[in-house]
Amino acid sequence: MLLASCGTAVDEESALGQSLAGIMKNDADFVPRFIVLLQQEAPTLQVGFVDRETSGNVLLERQEGGFAYWLSPDGAQIILQDGMLHGTRGLGEGLLASELSQPLAMVRGLQSGWSDRFHTYLDGNDRAITRTYRCRIDNRGARELNLFGTATDTWLMRETCRSLDQEFVNLYWVAPSSRDIIVSRQWAGPVIGAISTRIVPR
Amino acid sequence: MKLRELAVVYGCIGMACVGAVSAQTLSTYGSPGLIDMPTARVLPDGQIALTANAFGNIARNTLTFQVLPRVYGSFRYGVVRDFSANRRITNVDLFDRSFDVHVQLAFETETRPALALGLRDFGGTGILASEYLVATKRFGDRFTVTGGLGWGRLAQRGDFKNPLSYLDEGFETRPDTGAGGINTTGQLDFGAWFQGPAAIFAGVEYQATDRLSFQLEYSTDAYQTEVDRSLIEIDTPFNVGLNYAYPSGSNLRAFIIGGTEIGFQYSYIFNPGKRRSPGGLDTAPLPIVGRDAASLADMQLSDRRALTAARQTLETLLEDEGIVLEGFQVEGARAIVRIENRRWDVEAQAIGRTARAMARTLPGNIDTFVVIPQVRGVTNSAITLQRSDLEELHTDFDGAWRTLARSRIDDAALTDRDGEVGGLYPKFLYGLTPYVTFSFFDPDEPLRFDAGAQFSFAFSPTPGLTFDGLFRQAATGNIADATRRSNSVIQRVRSDAVLYARESEFEINRLTAEYMFRPGENLFARFTAGYLENMYAGVSGELLWYPVDSRLALGVELNYAKQRDFDMLLGLQDYDVITAHASAYYDFGNGFITQIDAGRYLGGDWGATIGLDREFNNGFKIGGYFTLTDVSFDDFGEGSFDKGIRFTVPVSWLTGKPSRARYTQLIQPVLRDGGARLDVANRLYGVTRDYRAQELSDGWGRFYR
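Residues numbered from 1 in each chain as written. Chains lettered and ligands numbered in written order. Predicted model: local features only at pLDDT ≥ 70, side-chain atom pairs only at ≥ 80, totals over all residues.

A. Structural view of the overall build of chain A. Looking only at helices and strands, one finds 4 helices and 12 strands in chain A. Counting over 202 residues, chain A shows a buried share of 46%. A sequence separation of at least 24 residues applies to 49% of the contacts in chain A between residues at least 6 apart. (Helix = DSSP H or I, 4+ residues; strand = E, 2+ residues; numbered from the N terminus. Buried ≥ 20, exposed ≤ 12 C-beta atoms within 10 Å, placed from the backbone. Contact = placed C-beta atoms within 7 Å.)

Printed below as a string of structure tokens:
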């Protein structure tokens with residue numbers, strides 16, 4: 001419900017919004033931090049805004065434990081915790097951080113059941129507001145994905161979450177052996193809606 | 001009532017609609033109502049409504065602000081064309097400034113209507129003066145019924161003996177408040193409120209769809225004055241209207257008053273507590289890394305060369321964040337940086353970015369970070385952070401508040417200047433920008449402006465000492481075209497503004513030497529000398545006591561000012577004056593800030609100014625003030641005493657990008673000579689408040705942003 005109704009709000013000027021227009025367009029718009037990553041041939045993640053039907057690439061700026069900081073050409077960030085969306089910076093959506101220990105364990109464990117997650121958002125008045133979601137996680141079974149031309153075996157995990165006034169569905173395609181989330185579609189928040197991620201093989 | 005949030009800005013109506021009730025209909029008075037009649041409704045807390053309408057010879061422009069959940073206030077600038085057409089004067093139009101206040105006495109419940117009491121035009125010329133007690137109740141999903149009792153203008157039709165006169169006979173007749181002419185305006189007409197005959201008005205609203213509604217009212221406002229002057233035709237007591245509400249907050253209205261007069265209205269309702277972009281579009285901060293991954297992880301900061309390397313790395317990283325490193329020193333396991341924040345309007349975010357740069361750079365044995373923000377080279381507060389807390393909490397979902405709880409904020413008055421970054425002084429900043437200034441409410445031309453180019457510079461040879469200049473050259477405008485001259489009977493300390501605009505070409509707006517310093521713990525001081533402002537030169541001294549974690553600040557100020565020549569160059573006129581004020585500032589902690597200044601004003605008059613502002617956490621501010629001095633209402637002239645409303649809009653609120661720039665505007669209904677205060681730059685409370693504990697804590701949600 002929310003996914004369908006919310007999502008026209010990504011700002012044309014937002015960092016990722018611009019970057020998605022095409023990485024090759026013009027180096028001059030890139031922040032220096034991104035150019036360094038480009039030169040270092042840093043790992044690449046393909047991301048998309050589901051509702052805007054746009055996509056582009058971000059580069060890995062830092063891996064600290066389970067946390068991966070993916071930087072866009074003009075300096076926005078998507079923070080993933082073991083593949084699960086933990087935070088955003090510079091996208092207009094103020095997802096400061098999330099508490100994901102329960103859903104992470106279940107999704108990577110390929111288990112079905114109930115779990116809680118917490119998202120902390122910056123609101124328009126600069127307050128950090130934490131929201132609690134109750135989620136149902138289901139193992140939807142094996143799926144074969146065509147990933148950049150390669151047939152890849154995955155398990156599809158579905159997470160359906162609700163709070164008092166919000167509702168969203170996240171999908172994760174998990175590699176059976178490594179239990180890595182290699183493809184996903186995850187809800188970031190009311191402003192930008194869902195983000196898709198896909199690891200680009202080196 | 002989220003329908004009316006800035007949906008154009010957020011575009012996210014889908015979610016915002018959850019829990020929405022219906023759109024708010026605004027009357028021709030620009031506040032919740034039917035057509036001319038008020039309802040007992042209010043706007044959602046904190047919202048602002050801007051309304052413009054026109055019908056017949058009448059036009060009204062209103063700003064309504066929901067000050068408290070139950071209280072709104074309105075400021076209105078109305079025009080009645082040809083009001084004095086029968087008189088042989090050059091300007092026959094009536095320009096009328098008025099203030100309203102509305103208090104909701106009871107919320108609407110399932111069984112009981114909302115109840116409200118209101119005063120319209122309680123201090124103006126009285127042409128709209130009226131009072132009401134009104135009840136509003138919704139029936140079902142679509143019908144809302146309103147009924148009320150009106151006095152004054154709201155009792156021009158179907159009136160009866162004032163029920164309050166059974167309590168006190170004094171209520172039976174309404175004194176003629178307009179009798180004193182224009183010079184009595186501004187005085188609160190306490191004597192007339194709820195006096196004279198009363199009448200009953202009523203109305204109904206039908207909500208046809210989420211966006212479209214229809215209104216029908218029985219009006220007790222017969223437009224007597226306007227009908228007498230043949231400005232409007234009223235054939236029936238019934239008015240009808242429709243309202244189309246856009247989710248963006250825009251409302252379009254059409255209505256018919258008195259059966260003949262068709263009117264149109266546009267209003268825009270928005271919530272200042274919502275930035276255009278809640279999370280901001282500023283670039284992502286540097287990730288906080290483990291200390292073994294810091295760029296100087298294995299270095300010992302024991303010798304000069306290592307310190308220099310660390311300082312240079314920090315300097316570069318901070319420069320990317322719009323932060324100037326002004327001092328760097330290491331004491332054992334503590335690293336202390338002094339910074340100037342040139343980019344971030346939320347100061348806690350600047351502290352967060354600084355801490356990230358330190359975590360990214362400094363050797364592993366450094367485990368305490370102290371960040372000291374400076375303004376004009378003067379230390380303010382010292383924020384102490386444990387590196388291990390940053391490492392632990394930067395990915396915590398409640399990280400911002402947990403970090404705040406584990407940090408310390410102290411006063412930094414007694415910090416020595418060890419580790420001053422070399423080559424920082426002298427500092428020279430300058431800029432060439434366009435400018436616009438406005439002049440409001442001249443009856444010949446209600447909105448005048450000047451626009452042109454301005455050059456400003458700040459030269460700082462040592463910390464705290466700054467030479468400032470601001471020069472303007474108008475390119476276009478019409479402020480100088482004003483033909484009205486001051487008729488003030490007291491010393492003309494402000495009312496000659498037109499002469500300044502007229503006689504000046506190239507303007508020296510400010511040319512000063514200023515010294516700011518910290519005389520002691522929790523104390524700030526300032527001395528300024530030179531051409532202090534547009535109309536005065538002189539010297540100014542100020543002392544402010546502001547404990548770092550206090551909501552209260554106290555200050556004293558002493559000035560000697562001499563009036564400048566109208567050409568705004570270097571010459572001075574004969575008039576000089578000593579002015580002095582004692583000030584108290586209090587932050588209520590719930591978004592309200594008050595300031596009281598008592599002392600001697602530019603005209604030599606003694607009195608006090610009371611100001612109250614509502615400041616949203618994102619920096620959007622709206623408020624007002626009034627000044628009462630020993631200048632009598634008669635001597636003051638039109639308006640009776642000085643008052644005004646003011647607002648500040650941070651540029652980041654509009655753009656979503658960080659900036660310390662903000663747009664501030666003061667609107668005074670009349671500019672006269674009583675209660676006028678010297679306009680010296682960089683008054684200490686404004687300069688220091690952002691980095692005291694209360695404001696830093698309020699912005700802490702953006703610490704990890």
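B. Structural detail: the overall build of chain B. Scanning chain B for helices and strands turns up 12 helices and 31 strands. Relative to the globule expectation of 27 Å for 705 residues, the C-alpha radius of gyration of chain B, 29 Å, shows essentially globular dimensions. In terms of principal-axis extent, the alpha carbons of chain B reach across some 90 × 65 × 50 Å. Out of the 705 residues belonging to chain B, those deemed buried represent 45%. Sequence separation of at least 24 residues holds for 58% of the intrachain contacts in chain B that already meet a minimum separation of 6. (Rg over C-alpha atoms; globule rule 2.2 N^0.38 Å.)

C. Quick look at the sheet that holds strand E7 (residues 113–122) of chain A. Residue and element names in this part refer to chain A. Strand order in this open sheet of 12 strands is E5-E4-E3-E2-E1-E12-E11-E10-E9-E8-E7-E6, and the pairing throughout is antiparallel. Every interior strand has two partners, whereas the edge strands, strand E5 (84–89) and strand E6 (95–99), have only one. Neighbouring strand axes in the sheet, compared pairwise and without regard to direction, differ in orientation by 30° on average. As paired strands, strand E1 (residues 44–49) and strand E2 (residues 54–64) are joined by 6 bridges and run antiparallel to one another. The residue of E2 that forms the bridge with Phe-49 is Thr-54. Running at roughly 85° to E2, helix H3 (residues 32–39) makes contact with E2 and strand E3 (67–71) of the sheet. (Pairing = 2+ DSSP bridges. Axes fitted to C-alpha atoms, helices over the stretch in contact; angles between N-to-C directions.)

D. Layout of the domain arrangement of chain B. Residue and element names in this part refer to chain B. Assigned domains within chain B: domain 1 (2–270), domain 2 (291–423) and domain 3 (427–462 + 464–694). Between domain 1 and domain 3, the C-alpha centre-to-centre distance is 34 Å. Every contact between the two is made by 15 residues of domain 1 and, on the other side, 16 residues of domain 3. Breaking the side of domain 1 that touches domain 3 down by element, the ones donating at least two residues are strand E2 (58–68), strand E3 (71–80) and strand E4 (94–106). Here the side of domain 1 that touches domain 3 is composed, by residue class, of 6 nonpolar, 7 polar and 2 charged. (Domains from an automatic or database assignment. Nonpolar A, V, L, I, M, F, W, Y, C, P; charged D, E, K, R; others polar.)

E. Just the sheet that holds strand E1 (residues 48–55) of chain B, in detail. All names here are of chain B. Taking strand neighbours around the barrel as the criterion, the 12 strands line up as E1-E2-E3-E4-E5-E6-E7-E8-E9-E10-E11-E12 in a closed arrangement whose pairing is antiparallel. Mean inter-strand twist for the sheet, computed between neighbouring axes without regard to direction, equals 20°. One ladder, built from 7 bridges, connects strand E9 (residues 212–218) with strand E10 (residues 238–245); its direction is antiparallel. Note on E10: the bridge partner recorded for Tyr-218 is Phe-238.

F. Representation of the environment of Ser-495 of chain B in the model. Assignment of secondary structure puts Ser-495 of chain B in the loop between strand E21 (465–477) and helix H8 (497–503). Ser-495 of chain B has contacts with Ser-486, Ser-488, Leu-671, Arg-672 and Asp-673 of chain B, leaving out every residue within four places of it along the chain.

G. Seen up close, the nonpolar core. Residue and element names in this part refer to chain B. Leu-314, Val-337, Met-358 and Val-371 are the most contacted members of the largest nonpolar core, which has 89 residues in total. Ranked by the residues each element gives to this core, the list is headed by helix H5 (residues 347–361), at 7 residues. Discounting chain neighbours no more than four positions away, the residues touching Val-337 are Leu-314, Leu-325, Gly-327, Phe-328, Thr-354, Met-358, Val-371 and Ile-372. If you look at the next biggest cluster of nonpolar residues, it comprises 23 residues, including Met-37, Leu-94, Ala-155 and Phe-201. (Core = buried A, V, L, I, M, F, W, Y, C linked by C-beta atoms within 7 Å.)

H. Representation of the environment of Ser-98 of chain A within the structure. The residue Ser-98 of chain A is located in strand E6 in this model. Given 26 C-beta atoms within a 10 Å radius, Ser-98 of chain A is considered buried. Taking the C-alpha atoms as reference points, Ser-98 of chain A and Thr-88 of chain A, 10 residues apart in sequence, are found 10 Å from one another. What Ser-98 of chain A contacts, discounting residues up to four positions off in sequence, is His-86, Gly-87, Arg-117, Phe-118 and His-119 of chain A together with Phe-397 of chain B.

I. Region of the structure containing the interface of chain B and chain A. Of the residues lining the interface, 39 residues belong to chain B; the matching set on chain A comes to 45 residues. Contributions of two or more residues to the side of chain B that touches chain A are made by helix H2 (13–16) and helix H7 (399–406) of chain B. With 3 residues, H7 of chain B is the largest single contributor of residues to the side of chain B that touches chain A. Grouping the amino acids of the side of chain B that touches chain A by side-chain chemistry returns 16 nonpolar, 16 polar and 7 charged.

J. Main features of the packing of helix H4 (residues 304–320) of chain B against H5 of chain B. Residue and element names in this part refer to chain B. Packing of H4 against H5 leaves a shortest axis separation of 10 Å and a crossing angle of 140°. Considering the angle they form, H4 stands oblique to H5. For H4 against H5, the interelement crossing comes out right-handed. Here Ala-310, Thr-313, Leu-314, Leu-317 and Leu-318 of H4 lie close against H5, whose contacting residues are Thr-354, Ala-357, Met-358, Arg-360 and Thr-361. Residue composition of the contact of H4 with H5, grouped by class: 6 nonpolar, 3 polar and 1 charged. (Parallel < 35°, antiparallel > 145°, perpendicular 65-115°, else oblique. Left-handed = near helix turned anticlockwise from the far one by under 90°.)

K. Spotlight on the environment of Thr-609 of chain B. Summarising the element assignment, Thr-609 of chain B is placed in strand E28 (residues 606–615). The spacing of Thr-609 of chain B and Ala-40 of chain B is 569 residues in sequence and 32 Å in space, taken between C-alpha atoms.

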